[in-house]
Amino acid sequence: MPAGLPARRRGGPALVGPLLAGLLGLGLLGGCGMGPPPSGQEAADLIGAPPAPSPRARALAGYYQRLQRHLLAQGLLRRDGGGPDTGFRSLDLARNFTAIAFYDEHSGGELSQSRAEVSRFHPWRGPVRIAGYFGPSVSAAQRSQDSETLRSYASRLARITAQPITTDAANPNFHVLFMGADDNDALRETVRKVWPDFPASRLDRLTQLPRDIYCLVHTNTPSAAWGRERAIALIRAEHPDLMRLSCIHEELAQGLGLSNDSPFARPSIFNDDEEFATLTSHDELLLKMLYDPRLKSGMSLEAAQPIIRQIAQELAGEIGS
């Protein structure tokens with residue numbers, strides 16, 4: 001494990017059942033063969049009512065509610081996938097893919113070789129098995145809603161990429177933590193169980209996030225061997241529904257290998273302007289490019305560039321134009 005793991009910032013599954021007791025009251029995402037989730041009343045009976053939130057948790061929830069209303073009032077957090085006002089061509093697609101899949105935002109945050117570090121191409125090579133975990137502060141209704149969102153989104157990602165992306169409670173390697181400010185003990189315990197050698201400094205950061213970090217993902221994919229990839233995403237439980245949904249869409253896609261942002265990407269969730277809350281038609285093409293077999297894990301940008309241009313032209317329907 002390298003000392004530094006790429007992390008993603010942005011500035012919502014669990015079958016509630018017998019697994020609950022083994023994770024300090026956390027719900028774990030149901031996988032194959034586990035049967036349907038319990039009804040809302042059954043889930044409530046199993047987990048009980050969450051404890052009263054602390055003043056800090058109440059303040060964060062109020063802040064994010066106001067923020068979501070503010071963004072929606074400006075026409076942001078769109079869910080339409082893009083439209084006539086957001087056209088793009090193959091050159092845009094190739095440029096955006098290069099910025100998002102081959103640059104590390106945490107070395108500088110901008111698409112500039114003087115500010116951002118070029119990284120090797122690092123999609124997952126082995127299967128992606130997603131599980132969700134919930135802190136004690138999360139209600140049964142919210143667990144149920146976010147569980148279904150996570151399940152359906154994993155299926156969508158699998159269809160887009162043609163990769164084995166599933167929800168799997170038995171043997172997960174992509175862990176999605178829905179936890180709030182009052183869940184730090186549960187967060188630490190969960191991370192230690194699912195990723196024992198997760199760097200302590202990173203774990204400390206997860207419990208001390210400033211409020212302008214809405215959610216983030218850590219992954220070891222740049223250095224992991226085949227089948228040894230791992231990721232941990234943290235989504236604040238205090239977010240209102242749409243902001244949690246937005247975090248799910250972005251952090252899972254970023255954890256798959258689209259790890260950067262670009263201010264030029266549109267229509268896209270890989271842009272910090274918050275215009276789009278959910279995966280767009282443009283983003284689906286980026287994911288197709290990410291898992292095109294012509295692009296190999298570990299490939300340098302120089303070697304990849306002509307292939308990127310070719311794939312972008314094909315996806316945009318511009319071959320021969």
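Along every chain, residues carry numbers that run from 1 in the direction the sequence is written. Local features are withheld for residues below a pLDDT of 70 in this predicted model, meaning they are given only at 70 or higher, and side-chain atom pairs are given and counted only at 80 or more; totals for whole chains, interfaces and linings count all residues. Note: side-chain values were computed over all heavy atoms of the structure, leaving out hydrogens and water.

Chemist: Outline the overall build of the chain, listing residues and values.
Modeler: Within the chain, the secondary structure is distributed over nine helices and eight strands. Using a 1.4 Å probe on the protein chains alone, a residue whose accessible area is under 20% of its type maximum counts as buried, one over 50% counts as exposed, and one in between counts as partly exposed. In the chain, which comprises 321 residues, the proportion classed as buried is 54%. Taken as a whole, the chain presents about 13,600 Å² of accessible surface, with 52% of it coming from carbon and sulfur. The way it works is that DSSP assigns letters per residue, a run of H or I at least four long becomes a helix, a run of E at least two long becomes a strand, and they are numbered from the N terminus. Throughout, the Shrake-Rupley method with a 1.4 Å probe supplies accessible areas, and for residues the shown protein chains are the sole cover considered.

Chemist: Can you lay out unusual backbone geometry for me, pointing to particular residues and giving the numbers?
Modeler: Where the residue is not glycine, phi is negative for most of them; where a peptide bond is considered, it is trans in most cases. Residue R266 is joined to P267 through a cis peptide bond whose omega torsion reads 0 degrees. Within the secondary structure, P267 sits in the loop between helix 7 (241-255) and helix 8 (281-290). One non-glycine residue, L77, lies in the positive phi region at around 55 degrees. Looking at the element boundaries, L77 is found in the loop between helix 2 (55-73) and helix 3 (90-102). Of note, the phi angle at E274 is positive, near 65 degrees, even though the residue is not glycine. On the secondary structure map, E274 appears in the loop between helix 7 and helix 8.

Chemist: Let's hear about the packing of helix 3 against helix 8: which residues, and what values?
Modeler: Only the stretch in contact is used when a helix axis is fitted, and all axes are lines through C-alpha atoms; the angle between N-to-C directions ranges over 0 to 180 degrees. Contact geometry of helix 3 with helix 8 gives a least axis separation of 10 Å together with a crossing angle of 65 degrees. Handedness of the crossing formed by helix 3 with helix 8: right-handed. Across the interface between the two elements, L93, N96, F97 and I100 of helix 3 pack against H282, L285, L286, M289 and L290 of helix 8. Ten residues, namely Ala, Val, Leu, Ile, Met, Phe, Trp, Tyr, Cys and Pro, are considered nonpolar, four, namely Asp, Glu, Lys and Arg, are considered charged, and the remaining ones, Gly among them, are considered polar. Classifying every residue of the contact of helix 3 with helix 8 by side-chain character gives seven nonpolar, two polar and no charged. By convention the crossing between two helices is left-handed if the near helix lies anticlockwise of the far one by an angle smaller than a right angle, and right-handed if it lies clockwise. The contact definition used throughout considers only heavy atoms, calling two residues in contact when any of these lie within 4.5 Å.

Chemist: Help me get a handle on the packing of helix 2 against helix 7, residues and values and all.
Modeler: As a packed pair, helix 2 and helix 7 sit with axes 9 Å apart at the nearest point and diverge in direction by 80 degrees. Considering their axes alone, helix 2 and helix 7 lie roughly perpendicular with respect to each other. Residue-level contacts link Y64, L67, Q68 and L72 of helix 2 to D241, L242 and M243 of helix 7. Residue composition of the contact of helix 2 with helix 7, by class: five nonpolar, one polar and one charged. Just so you know how the angles are binned, under 35 degrees is roughly parallel, over 145 roughly antiparallel, 65 to 115 roughly perpendicular, and the rest oblique.

Chemist: Explain helix 7 to me, and be specific about the residues and the numbers.
Modeler: Because an α-helix completes one turn every 3.6 residues, residues spaced three or four positions apart along the sequence face the same direction. Its 15 residues give helix 7 an end-to-end C-alpha distance of 21 Å, which sits within 8% of 21 Å, the value for a rise of 1.5 Å per residue. With 14 of 15 residues buried, helix 7 lies mostly within the body of the structure. A positive backbone phi angle near 140 degrees is found at G257, which sits one or two residues after helix 7. The span one expects for a helix is its residue count, reduced by one, times 1.5 Å.

Chemist: Tell me what's going on with the environment of W124, and back it up with residues and numbers.
Modeler: Tracing the backbone through its elements, the reader meets W124 in the loop between strand 3 (117-118) and strand 4 (128-134). Owing to a relative accessible area of 2%, W124 belongs among the buried residues under this scheme. In the structure, W124 is positioned 106 residues away from R230 in sequence and 9.0 Å away in space, judged by C-alpha atoms. Sequence-distant contacts of W124, that is, excluding residues within four places in its chain, are made with N173, F174, T219, T221, E229, R230, A231, G255, L256 and Y291. In the analysis that follows, any N or O atom pair within 3.5 Å is treated as a polar contact, provided that within protein one partner can donate a hydrogen and the other can accept it, and provided that, for residues neighboring in sequence, both atoms belong to side chains. Within the structure, W124 has its side chain in polar contact with the backbone oxygen of G255 (distance 2.7 Å).

Chemist: Now, about the nonpolar core: what can you tell me, with residues and values included?
Modeler: Definition used in this section: a nonpolar core is a set of buried Ala, Val, Leu, Ile, Met, Phe, Trp, Tyr and Cys residues joined via side-chain atoms within 4.5 Å. Counting residues in each nonpolar core, the largest one holds 66 residues, and the members touching the most others are F97, F102, I130, F174, V176, L256 and L258. If one sorts the elements of this core by residue count, helix 7 sits on top with seven residues. Ignoring any residue separated from it by four or fewer positions in sequence, one finds L258 in contact with F97, I100, A101, A253, F270, L286, L287 and L290. A131, V191, L216 and I232 belong to the second largest nonpolar core, which has 17 residues in total.

Chemist: Tell me about the pairing of strand 8 (residues 231-236), and please be specific about residues and values.
Modeler: Burial within strand 8 is extensive, with six of its six residues counted as buried. Both faces of strand 8 are covered, namely the face carrying A231, A233 and I235 and the face carrying I232, L234 and R236. We call two strands paired when DSSP finds no fewer than two bridges between them. Strand direction decides the pairing type here: strand 7 (residues 215-219) and strand 8, joined by five bridges, are antiparallel. Its bridge partner lying in strand 8, V217 is registered against A233.

Chemist: Before we move on, can you summarise the state of the cysteines with the specific residues and values?
Modeler: Only a pair of cysteine sulfur atoms within 2.5 Å counts as a disulfide in this structure description. A complete count under the given rule lists one disulfide for this structure. Each sulfur in the disulfide pair C215 and C247 lies 2.1 Å from the other. With the S-S dihedral at roughly -85 degrees, the linkage between C215 and C247 falls on the left-handed side. In this pair, C215 sits in strand 7 while C247 sits in helix 7, placing the two residues 32 residues apart along the sequence. On the basis of relative accessible area, C247 is assigned to the buried category, the value being 1%.

Chemist: Describe the pattern of salt bridges, with residues and values.
Modeler: For salt bridges, the criterion is a side-chain nitrogen of Lys or Arg within 4 Å of an Asp or Glu carboxyl oxygen. Considering all chains together, one arrives at 15 salt bridges under this definition. Notably, a salt bridge pairs D85 with R266, separated by 3.3 Å at the nearest N-O pair. Of the two residues, D85 sits in the loop between helix 2 and helix 3 while R266 sits in the loop between helix 7 and helix 8, which places them 181 residues apart along the sequence. What makes D85 partly exposed here is its relative accessible area of 43%. Linking R89 and E318 is a salt bridge whose minimum nitrogen-to-oxygen distance equals 3.7 Å. Here R89 is found in the loop between helix 2 and helix 3, whereas its partner E318 is found in the segment after helix 9 (301-316), with 229 residues between them in sequence. On the accessibility criterion, R89 (52% relative accessible area) is exposed. Under the relative-accessibility criterion, E318 is labelled buried at 14%.

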